[in-house]
Each structure stands twice: as C-alpha cells, then as structure tokens.
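A look at the structure
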Amino acid sequence: MKKIKSFIICILAGAAFIAAGFLVKEDYNSTLLCSIGFGFIFSSAVAIGKNFYWSRPSRQEEYNARREEAHINMIDERKQYIRARSGQISYQIMTFVLLGLSFILAVFRADPWMIAVVFGLFIFQYIIGVAVFKCLEKRM
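On a predicted model such as this, the values are computed, not experimentally measured, just so you know.

What counts as what
Residues numbered from 1 in each chain as written. Predicted model: local features only at pLDDT ≥ 70, side-chain atom pairs only at ≥ 80, totals over all residues. Heavy atoms only, no water. Helix = DSSP H or I, 4+ residues; strand = E, 2+ residues; numbered from the N terminus. Expected span 1.5 Å × (residues − 1). Buried < 20%, exposed > 50% of the residue type's maximum accessible area, 1.4 Å probe, protein only. Arc of directions from axis to C-beta. Contact = heavy atoms within 4.5 Å. Core = buried A, V, L, I, M, F, W, Y, C linked by side-chain atoms within 4.5 Å. Patch = residues over 30% accessible without salt bridge, like charges linked within 9 Å, V, L, I, M, F, W, Y side chains within 5 Å. Areas by Shrake-Rupley, 256 points an atom, 1.4 Å probe, with all protein chains shown as cover. Salt bridge = Lys/Arg side-chain N within 4 Å of Asp/Glu carboxyl O. Axes fitted to C-alpha atoms, helices over the stretch in contact; angles between N-to-C directions. Parallel < 35°, antiparallel > 145°, perpendicular 65-115°, else oblique. Left-handed = near helix turned anticlockwise from the far one by under 90°. Nonpolar A, V, L, I, M, F, W, Y, C, P; charged D, E, K, R; others polar. Phe/Tyr/Trp six-rings, centres within 6.5 Å; stacked < 30°, edge-to-face > 60°. Polar contact = N/O pair within 3.5 Å; in protein donor to acceptor, adjacent residues only side chain to side chain.

Before going further, it helps to examine helix H1 (residues 2-23). Taking 1.5 Å as the rise per residue, H1 with 22 residues should run 32 Å; its terminal C-alpha atoms sit 32 Å apart, in good agreement. Among the residues of H1, those classed as buried are Ile-4, Gly-14, Ile-18 and Gly-21. Looking straight down H1, one finds its buried side chains confined to an arc of 85°; they lie on one side. Exposed residues on H1 whose side chains face more than 90 degrees from its buried face are Lys-2, Lys-5, Ile-9, Leu-12 and Leu-23. Where H1 is buried, its residues meet helix H2 (27-55).

Structure representation (structure tokens):
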C-alpha cells in the first residue's frame, strides 16, 4: 500500500487539475490544466498497473533478478563513468543546438511553435544521451 499511496495522491492531483481546467474560462489555460491533469492520472495509472504486474507471485523471481541487475548496474564504476560522459557530451551538443535554434527563431520571429520546438529539444536531448551511452558502452 505504501508504494501505491504516492500514485493515488498523483491521481487526486490530476483530478484537481482537470477540475481547475473546467473552472478556467480561457481556452488555452483550460486546455493546459486539463492536459496536465490527464498526464498525472494516466502516468500514475500505468505505474500502479506495473506495480501490480510485478508484485504477482508468479513474477517475483524475474522481478528480483531485474532488481539485482539494476542494482549491480548502478554501482558498477564503468557504467557510472559512461553515464556521466554521455550526459556531458549530450549537454554539449544541446548547447550548440539551442544556440543555433535561438538564432533561427530570432531571424524568423516564430512564436506559435516555440513550445513545440522546446519539447522536441527535450526529446532530442534524451535520444542523444541514450545513443552516446550505447556508443561509449561498446567502445569501452
């Protein structure tokens, strides 16, 4: 029950955001609040589902093996170095991408899609970090 308690709190917070979204009169803010609420609810529901899936007695052996492997990977010095190096390289790449993008946005004065571009950059940064980690893992 302790594991599920935080997810239930997130579901209630999501319901509060949705209720606030219905009370706000502006379309943009209303949509934003409702989207945040649905995001909280669905992510918490998926986490609760995963919790129930892995807590079944038939899956305990596989779950314990995965936890042990994850623990070993977290304390492995080589993997720690690779994670740190991949983060450093991906953030350096993102610095140059953000500088170039800010110049392009200044030239074209593109306001409407700035939020979509920033969100896309977060996704791009994550993908670069994973790719660099895999590349460094193969090399070392």
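Picking up where we left off.
Looking now at the nonpolar core. Of all hydrophobic cores here, the largest spans 5 residues; its members are Ile-82, Ile-128, Val-132, Phe-133 and Leu-136. In terms of residues, this core owes the most to one element, helix H5 (residues 114-139), which gives 4 residues. Excluding its chain neighbours within four sequence positions, the residues that come into contact with Leu-136 are Ile-82, Arg-85, Ser-86 and Ile-89.

Now for a nonpolar patch on the surface. Residues Tyr-28, Leu-32, Ile-36 and Phe-40 make up a contiguous nonpolar surface patch of about 360 Å² in total accessible area. Judged by relative accessible area, which is 53%, Tyr-28 ranks as exposed.

Our next topic: the packing of H1 against H2. Put simply, H1 and H2 touch, their axes get as near as 7 Å, and they point 160° apart. In terms of orientation, H1 lies roughly antiparallel with respect to H2. Remark: the crossing between H1 and H2 carries left-handed chirality. For the contact of H1 with H2, the per-class residue count stands at 20 nonpolar, 6 polar and 1 charged.

This part takes up the pattern of salt bridges. Going through the model one piece at a time under the given rule, you end up with 2 salt bridges. Where Arg-66 meets Glu-62, a salt bridge forms, and the shortest distance between an N and an O atom there is 3.5 Å. With Arg-66 and Glu-62 both in helix H3 (residues 60-75), this residue pair falls 4 residues apart, about one helical turn.

Here we take up the packing of aromatic side chains. Scanning the model with the defined rule gives 4 aromatic pairs in all. Between Phe-17 and Phe-40 the ring centres are 5.6 Å apart and the planes differ by 50°, which places this aromatic pair in the tilted class. Residue Phe-17 is located in helix H1, and its partner Phe-40 is located in helix H2; the two are separated by 23 residues in the primary sequence. Considering the side-chain rings of Tyr-53 and Trp-54, the 5.1 Å spacing of their centres and the 90° angle between planes classify their relative orientation as edge-to-face. Three or more aromatic residues joined by ring pairs make a cluster, and in this case those are Tyr-53, Trp-54 and Tyr-63.

Another aspect to go through is the environment of Lys-5. Here Lys-5 is to be found in helix H1. Taking the relative accessible area as the measure of exposure, Lys-5 reaches 54% and is therefore exposed. Expressed as a C-alpha distance, the spacing of Lys-5 and Arg-67, which sit 62 residues apart in the sequence, is 21 Å.

The next point concerns the side chain of Ser-86. Take Ser-86: it is sitting in helix H4 (residues 77-108). Ser-86 gets classed as buried once you look at its relative accessible area, which sits at 6%. A polar side-chain atom of Ser-86 sits 3.0 Å from the main-chain carbonyl oxygen of Arg-83. With near-sequence residues (within four places) excluded, Ser-86 lies in contact with Gly-129, Val-132, Phe-133 and Leu-136.

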